[in-house]
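# A structural walkthrough
Given next are the chains, with one letter for each unit.
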Amino acid sequence: MGETVPEKAQAAIRHGGNLGKARLMFPEVPEPWIDLSTGINPHSYPHSPVPASAFARLPEPDDAEELKRLAATSFGAPSLRHITLSPGTQMLMPLLARIALERGAKSGAVLSPAYAEHARTARMAGLTVTEVENISDLSAHDYAVVVNPNNPDGRVTDRKALVSLAEAMRRRGGLLVVDEAFIETGGAESLANAAGQDALVVLRSFGKFYGMAGVRLGFAIAHPDIAAELEARLGPWAVSGPALHIATQALADREWQSFMRLRLAEEARRMNDLLEKAGLAIAGGTSLFTLVRDHRAAGLFDHLGRHGILVRIFDERPNDMRFGLPAGEEDWQRLEEALSSFVHSSKV
């Protein structure tokens, strides 16, 4: 208490997807760039044209309710009353930390390494946050976050362990947040159907699997009281009309979802084979990204950058590098050629 905003706030953490910065770092690189620095599906959902009325009018409450109904069915949530729509899950993180703080939470913990915004936004909300490596250490805190499957290494946390942790948080009056942004990639079991209790909130992303991060849409699955509290804090018309139009189609399109899961799994295998062929050790991943670990990561980042290919590196883990999926065959070929030339130059 008593801190000024500049003292309390923390600068936003560097993330993938910043092509503007890449162009400044490598000004001589010809366009187009290949952006592999995010874990976003490069094959966006082929929605129908967005009607002009979606841009001209305020979003209709009935349209938001329909999307909630579809989300509850698609995710396996208890009911649409357990769903909150948000302009991206990023907006929900500080709100959830604040709710935990107002409940009396004194400390928070994030199972790390993980998406760094969870720790940052919880600290900004006023919590003391510890980053831990073992799930057993989370139960000593009042606010806990687990990303499942994890970003950036694809770590999967067992459902039974998460249910047990949620029960421990309930007994101490705490709150467990499970971020399932990459749940559609397989491997992990969702906790959406267990989110009826008031100690568990599940976050779901739209932009990752559907390849539409610019739509800015996310979901919280929580006890109706928490869902209503989040909705009140977000205010009216939190989700745009175009986002409602696109997501309502996408969540109902089971055929596309099934096809895309198979396609992404196949492309992930191709990526892993390509990276291993280049002598890089696979350290984890999902069907939307692969994490490699190599002492040459900084040099490889620079080499790929000079070939117009942007990948994700991590200041806190300098040997780690994450590769998203190329959008088409030409991009795959460019990546293969760049990796091959790096291997050749490393042997000279």
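Within an unreviewed UniProt entry, the label attached to the protein reads threonine-phosphate decarboxylase, and the organism entered is Rhizobium nepotum 39/7. The record held by UniProt for the protein lists under Cofactor (unreviewed entry) the comment "pyridoxal 5'-phosphate". UniProt, in the comment section headed Catalytic activity (unreviewed entry), describes the protein in these words: "O-phospho-L-threonine + H(+) = (R)-1-aminopropan-2-yl phosphate + CO2".

## Looking at the sheet that holds strand β8 (residues 218-222)
One open sheet accounts for 7 strands, arranged β2-β8-β7-β6-β5-β3-β4; its pairing is mixed. Strands with a single pairing partner mark the edges of an open sheet, and in this sheet they are β2 (83-86) and β4 (128-132). For this sheet, the mean inter-axis angle between neighbouring strands, taken without regard to orientation, is 20°. Summarising the sheet, strand β3 (residues 107-111) and strand β5 (residues 143-147) pair through 3 bridges and their orientation is parallel. Across the sheet, the residue bridging to V110 is V145, located in β5. In the packing of helix α6 (residues 117-125) onto the sheet, contacts are made with β3, β4, β5, β6 (175-179) and β7 (200-205), and the angle to β4 comes to roughly 160°.

## What about the sheet that holds strand β12 (residues 312-313)?
Read across the open sheet, the 4 strands follow the order β9-β10-β13-β12; overall the sheet is antiparallel. A single partner strand is all that each edge strand has here, and the edge strands are β9 (281-286) and β12. Alignment of β12 against strand β13 (residues 320-324), held across 2 bridges, turns out to be antiparallel. The residue bridging I313 from the neighbouring strand is M321, located in β13. Of the strands in this sheet, β12 and β13 touch helix α11 (residues 297-305), which is tilted by about 35° from β13.

What counts and what doesn't
Residues numbered from 1 in each chain as written. Predicted model: local features only at pLDDT ≥ 70, side-chain atom pairs only at ≥ 80, totals over all residues. Heavy atoms only, no water. UniProt positions renumbered as here; feature names shortened; annotations may be inferred. Pairing = 2+ DSSP bridges. Helix = DSSP H or I, 4+ residues; strand = E, 2+ residues; numbered from the N terminus. Axes fitted to C-alpha atoms, helices over the stretch in contact; angles between N-to-C directions. Contact = heavy atoms within 4.5 Å.

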